[in-house]
Amino acid sequence: MEYINLGKTELKISRIGLGAWQFGGDAWGGPYEYGVAKEVIAKAIELGINFIDTAAVYGRGRSEEFVGRAIKELGGIRDHVVIATKIPGDWHRYDDVLKAARRSRERLGVDVIDLLQLHWPACWHNVPICETMRAMERLVDDGVIRYIGVSNYPLQLLEAARSCLKKNDIVSSQNRYNLIERDVEKELLPYLQREGITLIAWSPLAKGAVTGKYSPENRPRGGDLRENEPVFYPDNLKEISTKLTPVIKELASKYGKTPAQIALNWLIMHGNVVPIPGAKNAAQVVENAGAAGWRLSEEDFRRLDEVSRSLVITYVTW
Ligand SMILES: NC(=O)c1ccc[n+]([C@@H]2O[C@H](COP(=O)([O-])OP(=O)(O)OC[C@H]3O[C@@H](n4cnc5c(N)ncnc54)[C@H](OP(=O)(O)O)[C@@H]3O)[C@@H](O)[C@H]2O)c1
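Residues numbered from 1 in each chain as written. Predicted model: local features only at pLDDT ≥ 70, side-chain atom pairs only at ≥ 80, totals over all residues. Heavy atoms only, no water.

1. A word on the pattern of salt bridges
This model, assessed by the stated rule, comprises 26 salt bridges. R162 is paired through a salt bridge with D169; the nearest N and O atoms lie 2.8 Å apart. We classify R162 as buried; its relative accessible area is 16%. Overall, the relative accessible area of 31% leaves D169 in the partly exposed class. Among the salt bridges present, the one from K186 reaches D183, with a minimum N-O distance of 2.5 Å. Within this structure, R182, E185, D305 and R309 form a network of salt bridges that share partners. (Salt bridge = Lys/Arg side-chain N within 4 Å of Asp/Glu carboxyl O. Buried < 20%, exposed > 50% of the residue type's maximum accessible area, 1.4 Å probe, protein only.)

Below is the structure:
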């Protein structure tokens, strides 16, 4: 496994992380048994993945509980794992931030949360950004969290959030980023690269859409969230499966890798980007960990880049 510093901190995180939304069960068609989560985490750690991303909203705390329990039961690994969790935008008032962080810490069963991220902006709650940031700094002072991150914050709000902080800085920004959905490149990514802030890429496999296993004739089934996910609407899937999938598959066979590995490798070639693919089982973790330790050639990177840019994807689905 390769490692990279989290933002400008001394903390080293693996080039490929592990997303733990799947452990929540409800959104991904569930049930997701604890034993599977433990196997997934054990395999990730064995392969050198040390960065695990969860959130208070994943299964209303269930994912955090599974992560914490597995780390405890696997024994002796807490100091080698960097745990990131998130507070939903609905809980960004000063007192709520403090309460939410303490509850997450309790569910995770740790002394300190390594990275606490604001999951999305307070949107319709009208909480001033500096009120939320004051609470985040208090959590650092109180030793409840080590580092502050944001997620799904537009550039202007991220800058405002940074300007509120007195003693700390934002070390990471978690945003959707994959070969199909690249809007983060328009203004946020260059800023993060300039400022030494890590971009934690969520849905780095476009929820499985870049792996080539889904098409308009074979959409995800079983009642999970992807039934209503724009990327999986037939017109978008047609665009993906006719243009992007053939190139990913060709490169996969050229490099002796899998489509998921090609897609994740393309992401880590953007410098400060750390993908956190979610996994349904240990075999997927093995595959995803294998996306590090090698690189696509410049020529193949560009080819993938171009075909991905040519996709016409819409979020207007009715
Ligand atoms: N901050 C945010 O707002 C936000 C939003 C979304 C996600 N996240 C975080 O980002 C993480 C990853 O995003 P995500 O879970 O939405 O999407 P993802 O990582 O792009 O896709 C995960 C799905 O892809 C499939 N998959 C995984 N590895 C595979 C492999 N090697 N080969 C083939 N298929 C594979 C699995 O589903 P199937 O096998 O069923 O196809 C899995 O459930 C989450 O777990 C969460 O921690 C954050």
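From this point, the discussion proceeds with the structure in view.
2. What about the side chain of Q22?
By secondary structure assignment, the location of Q22 is in the loop between β3 (18-19) and α1 (34-46). By relative accessible area, which is 7% here, Q22 ends up buried. Q22 has contacts with W28, Y32, G278 and A279, leaving out every residue within four places of it along the chain. (Helix = DSSP H or I, 4+ residues; strand = E, 2+ residues; numbered from the N terminus. Contact = heavy atoms within 4.5 Å.)

3. Quick look at the site of the ligand
Among the 31 residues in the neighbourhood of the ligand, the closest are listed as D53, L205, Y214, R226 and K280. Here an oxygen atom of the ligand and a backbone polar atom of A20 are 3.4 Å apart. Within the contact set of the ligand, an oxygen atom lies 2.8 Å away from a backbone nitrogen or oxygen of G278. For the ligand, the protein covers 94% of the area, taking 890 Å² as the surface of the free molecule. Here the shell around the ligand gets 3 residues from one element, more than from any other, and that element is helix α9 (residues 282-289). Tallied by class, residues from the shell around the ligand come to 12 nonpolar, 12 polar and 7 charged. (Near = heavy atom within 4 Å. Polar contact = N/O pair within 3.5 Å; in protein donor to acceptor, adjacent residues only side chain to side chain. Areas by Shrake-Rupley, 256 points an atom, 1.4 Å probe, with all protein chains shown as cover. Nonpolar A, V, L, I, M, F, W, Y, C, P; charged D, E, K, R; others polar.)

4. So, the sheet that holds strand β6 (residues 113-118)
Strand order across the open sheet formed by 8 strands is β3-β4-β5-β6-β7-β8-β9-β10, with parallel pairing between neighbours. Of all strands in the sheet, those bounded by a partner on one side alone are β3 and β10 (273-275). For strand β9 (residues 198-202) and β10, the ladder comprises 3 bridges, and the chain directions are parallel. Bridge pairing in β10 places L199 opposite V273. Helix α8 (residues 259-268) rests against β9 and β10 of the sheet, and its axis sits at about 155 degrees to β10. (Pairing = 2+ DSSP bridges. Axes fitted to C-alpha atoms, helices over the stretch in contact; angles between N-to-C directions.)

5. A word on the nonpolar core
Core analysis: the biggest nonpolar cluster contains 91 residues, and L18, F23, L244 and L304 have the highest contact counts within it. Excluding residues within four positions of it along the chain, F23 makes contact with L18, Y32, A37, V40, I41, R62, S63, F66 and V67. (Core = buried A, V, L, I, M, F, W, Y, C linked by side-chain atoms within 4.5 Å.)

6. Quick look at the pairing of strand β5 (residues 82-87)
Counting buried residues along β5, 6 of its 6 residues qualify, which places the element largely inside the surrounding structure. Covered by surrounding structure in β5 are V82, A84 and K86 together with I83, T85 and I87, the residues of both alternating faces. Two strands pair when backbone bridges link them, and strand β4 (residues 51-53) and β5 are joined in this way by 3 bridges, in the parallel orientation. Bridge pairing in β5 places F51 opposite V82. Note on the crossover from β4 through helix α2 (residues 62-74) to β5: the handedness is right-handed. When β5 meets β6, the two strands line up parallel, connected through 4 bridges. The partner of K86 across the bridge, within β6, is Q117. (Right-handed = clockwise from strand over helix to strand, strands pointing away.)

7. Re unusual backbone geometry
Located in the positive-phi region is N126, a residue other than glycine, with phi close to 60 degrees. In this fold, N126 is placed in the loop between β6 and α4 (129-141). Here A206, not a glycine, exhibits a phi torsion of approximately 50 degrees, which is positive. When its relative accessible area of 1% is taken as the criterion, A206 is described as buried.

8. A word on the state of the cysteines
If you walk through the whole model with that rule in mind, you get 1 disulfide. At a sulfur-sulfur separation of 2.0 Å, the disulfide partner of C130 is C164. In this structure, the disulfide formed by C130 and C164 twists by about -80 degrees around the S-S bond and is classed as left-handed. You can see C130 sitting in helix α4 and its partner C164 sitting in helix α5 (residues 155-164), a full 34 residues away along the chain. (Disulfide = S-S within 2.5 Å.)

9. Looking at the packing of α2 against helix α3 (residues 94-108)
In the contact formed by α2 and α3, the axes pass within 7 Å of each other and the chain directions differ by 45 degrees. Between α2 and α3, the interaxial angle falls into the category oblique. On the side of α2, the interface is formed by E64, E65, V67 and G68, while α3 contributes S104, R107 and L108. Here the residues of the contact of α2 with α3 are counted per class, giving 2 nonpolar, 2 polar and 3 charged. (Parallel < 35°, antiparallel > 145°, perpendicular 65-115°, else oblique.)

10. Notes on helix α10 (residues 298-309)
Taking 1.5 Å as the rise per residue, α10 with 12 residues should run 16 Å; its terminal C-alpha atoms sit 16 Å apart, in good agreement. Looking at α10, one finds that the buried residues are D300, F301, L304, D305, V307 and S308. Buried positions along α10 lie against α7 (234-255) and α8. (Expected span 1.5 Å × (residues − 1).)

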